[in-house]
Amino acid sequence: MASKHWLNKTLPLTAAALLLAGCGGNTIPDPEPTDTVGGNDGASASGGDFDNWGGGEDVPAGFDNPELADTIYFEFDSYEVGSADAQIVNRHSVQLLESGASVRLEGHADERGSREYNIGLGERRAQAVRRMLMIQGVPASQISTVSFGEERPAEFGSDETAYAANRRVVIRYEN
Amino acid sequence: MHNQRFCTGLLLAPLLVLLFAGRASAEITVEITEWNIEPAPVAIVPFGWSGNSTDAPLDVAEVIAADLRRSGRFAPIDESQMLGRPTRGADVDFDDWRILKVEAVVVGRVEQTGDNAYTVQFQLFDPFAGTQLVGYRMPASRGTMRRVAHRAADMIYEKLTGIKGVFATRVAYVTAQGEGEDRLYRLIVADQDGENEYTILESGDPIMSPAWSPDSRQLAYVSFEGSRSSIWVQTLRTGNRRQVSNQPGVNGAPAFSPDGRQLVVTLGGADGNLDIHVLDLATRQTRRLTRHRAIDTEGSWSPDGRYIYFNSDRAGGPQVYRVPVTGGTPERVTFEGSYNARPRLSPDGKKLAVVHNDRGNFRIAVIDLERDNQMVVVSAGRQDESPSFAPNSDTLIYATRQARNGVLETVTADGLIRQRLESRGGDVREPVWSPFPRF
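Draft legend 1. Main features of the overall build of chain A. Counting secondary structure elements, chain A contains four helices and four strands. Buried residues in chain A amount to 36% of all 175 residues. A sequence separation of at least 24 residues applies to 69% of the contacts in chain A between residues at least 6 apart.

Draft legend 2. Representation of the domain arrangement of chain B in the model. All names here are of chain B. The domain architecture assigned to chain B consists of domain 1 (39-161) and domain 2 (170-433). Centre-to-centre, using C-alpha coordinates, domain 1 lies 36 Å away from domain 2. The interface of domain 1 with domain 2 comprises five residues on the first partner and four residues on the second. Split by residue class, the side of domain 1 that touches domain 2 holds one nonpolar, one polar and three charged.

Draft legend 3. Local environment of the nonpolar core. Ranked by internal contacts, the top residues of the largest apolar core, which has 123 residues, are I64(B), V105(B), V106(B), V120(B) and I156(B). Take this core: its biggest share by element is nine residues, from helix α3 (residues 145-161) of chain B. Inspection of this core shows a minimum of three residues originating in each of domain 1 (39-161) and domain 2 (170-433) of chain B. Sequence-distant contacts of V106(B), defined by excluding residues within four places in its chain, comprise I44(B), V45(B), I64(B), F122(B), L124(B) and I156(B). Within the second largest apolar cluster, 19 residues are counted, among which are V89(A), L105(A), V129(A) and I143(A).

Basis of the calculations
Sequence order sets the numbering: in each chain, residues are counted from 1 along the sequence as written. Going through the entries in the order they are written, you letter the chains from A and number the ligands from 1. Where totals are concerned, whole chains, interfaces and linings use all residues; where local detail is concerned, this predicted model gives features only for residues with pLDDT of at least 70, and gives and counts side-chain atom pairs only at 80 or more. A run of DSSP states H or I qualifies as a helix once it reaches four residues; a run of E qualifies as a strand once it reaches two. Both are numbered from the N-terminal end. Field definition: a residue is buried when 20 or more other C-beta atoms are found within 10 Å of its C-beta, exposed when 12 or fewer are, and partly exposed for counts in between, with C-beta atoms placed from the backbone. The contact criterion used here is simple: two residues whose C-beta atoms, placed from the backbone, lie within 7 Å are in contact. As used throughout, domain bounds are those supplied by an automatic or database domain assignment. Charged residues are taken to be Asp, Glu, Lys and Arg, nonpolar residues to be Ala, Val, Leu, Ile, Met, Phe, Trp, Tyr, Cys and Pro, and polar residues to be all remaining types, Gly included. By our criterion, buried Ala, Val, Leu, Ile, Met, Phe, Trp, Tyr and Cys residues that link up through C-beta atoms within 7 Å make up a nonpolar core.

Right, here's the structure in full:
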């Protein structure tokens, strides 16, 4: 903290004398019958998936791997799919065109900065992959996107390694 | 009236004073981490008690003293220093307190009037002037006595500082605990001193962006249950919740309008173009407010209800803009630095808090809208986020990092008094301060 900031002090004085007339001790109960969906237990508990780091960019194009990599990584402040990863995306598009399956593209950001803005950055990455699939002819109806922003890190930690592991899109096939 | 001395040079060495070490019930305890003013000595005399049991249901004087101490502006003296223990104004000998140089004396008592009925009475004196500053008597039950004590502290605090107290308010926040399959997200509401904490939602999927309704009876939030984002509004007292937005793509960043009838939200749609929309809670209809290829998000209402302040990276990095609620051309608000996100206006409309990139560190900054948009960086972490003003506009709460976990801190809007709310475990984030309660 630069000390010069501390000189700019302002103490807003809301000097109006507060007379709390008729202040009882209880809050007034106010049932709200308009609410329809009940309960606190509506949040489903499908488990997080944190094991995707380790696939992806290290798989050479054309490598005869029955398990096609499902994670695309991004540079800092970038939303471009690199050329090696582009081939992975293309192989997914072939698979999607052949099978007619649906995919969910899960976009993620590293932890730096504001959370909701990072939702935007994760969505931007998911959309970059979506556009590549659509250019290859995959119908939009087979693709959905969700951005988890920084909420579901693949790797915990506040260093470049963790940041790089977390800037990603996971391609997830849905039943 | 109290002696506020500003150390304009170096910070005092960080002082760690654990205030509530004995309280097992609270997940969060409070430490004074840093301050830059000399707290004024005051005396909160133990309250008298008359009733059926040996002790009063609550040590009201202790609650008041803890509140005042936590404000960073007052230093309640130890009971052992007191020369007398009056419980009524008539018994206060001002000389006893002038010797101790305390600037204020609070006396009071709790009386039982029925099976679960009590009155709490207190009086605040200025020993040097020899006058009573405020006196009040309030009804209480065992269940409401803590809140009544906080309200007494609010009245004392306001009388001494001219600033409304926020001791009877609450804070909502999100925690995450565990890893992998076991990771659990919780949306929690607690009194602002960390007491009476309860979980209002628990999920294996992320929970984000809680926002208070203006009557402080509901919270809006984002949930990722079912692996997609949706916006919910939950009533605290009943636990009932309803989904209010579940469109394709991003449903995010809800904030209530001042009248509580609308939310400003971020919607992305299938094409992922995040824009600001206004959602009518009665009809569920949405109205688009911005249309731009950039990320437009983190909308919040100005207190007068006329503008939506939001974050957009249309000029490259994220900066704050505002647009009339009725629609129109957005106008840029922040210009200092490369990153200003998550705008939140103070309830008096005079200040704007943002997440600001301060030479590579993400910190909370407060912009004085009445003084040429002067910016003061008020936090000192590397990854600080989610600023939220207390309803008195004097203090903010935000999240910072301690090792790997998020912890909460409060700071006065001038940056002079900063405190850490110590968590017992988990990653705590996204604190939001409630409006003033309605009694």
